[in-house]
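# A look at the structure
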Amino acid sequence: MPEDFFANRPAFSPPEQAARMPATCETVRTQLPSTVPADARVDMAIKGPVSLIQTDGTLWYVAVCSDPGVRILCVTYSGNELKLGDQVILRGGYNRQDDRHVLLDPCLASPDHGEASGED
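## A closer look at the state of the cysteines
What the rule picks out here adds up to 2 disulfides. Across the disulfide, C74 is cross-linked to C107 (sulfur-sulfur distance 2.1 Å). Residues C74 and C107 are joined through a disulfide that is left-handed, its torsion about the S-S bond being -110 degrees. One end of the pair, C74, is in strand β5 (residues 71–76); the other, C107, is in strand β7 (residues 101–111), with 33 residues separating them in the sequence. The exposure classification of C74 matches that of C107, with both residues buried. For the chain, the disulfide bridges join cysteines in the arrangement 1-2, 3-4, where the cysteines are counted in sequence order.

Parameters at a glance
- Residues numbered from 1 in each chain as written.
- Predicted model: local features only at pLDDT ≥ 70, side-chain atom pairs only at ≥ 80, totals over all residues.
- Heavy atoms only, no water.
- Disulfide = S-S within 2.5 Å.
- Helix = DSSP H or I, 4+ residues; strand = E, 2+ residues; numbered from the N terminus.
- Buried < 20%, exposed > 50% of the residue type's maximum accessible area, 1.4 Å probe, protein only.

Pasting the structure below:
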């Protein structure tokens, strides 16, 4: 990825590197790229309240943000004892599904203990 891809997107980073600042449900739409080359991987970080948490027994599905904004779904191997409404930071491989849905896979879901403000 060209380095300027990340210039105005502090929630995005090269694979497995920390983002400069996680997005929030209110700021994420302004950072979403229209496209990412099919052969490239970029990671995204976002913080917000858990709006969905489910498991199929192997994988966990943790979502933040909801209508009318962009919904972010994290596919991970641990629910980290998260509950609906808990503040969480999701970090993972970015995949835009459509105008209102983003999939982060692989992804880590961690409780937000206030270490990242999510503000620019």
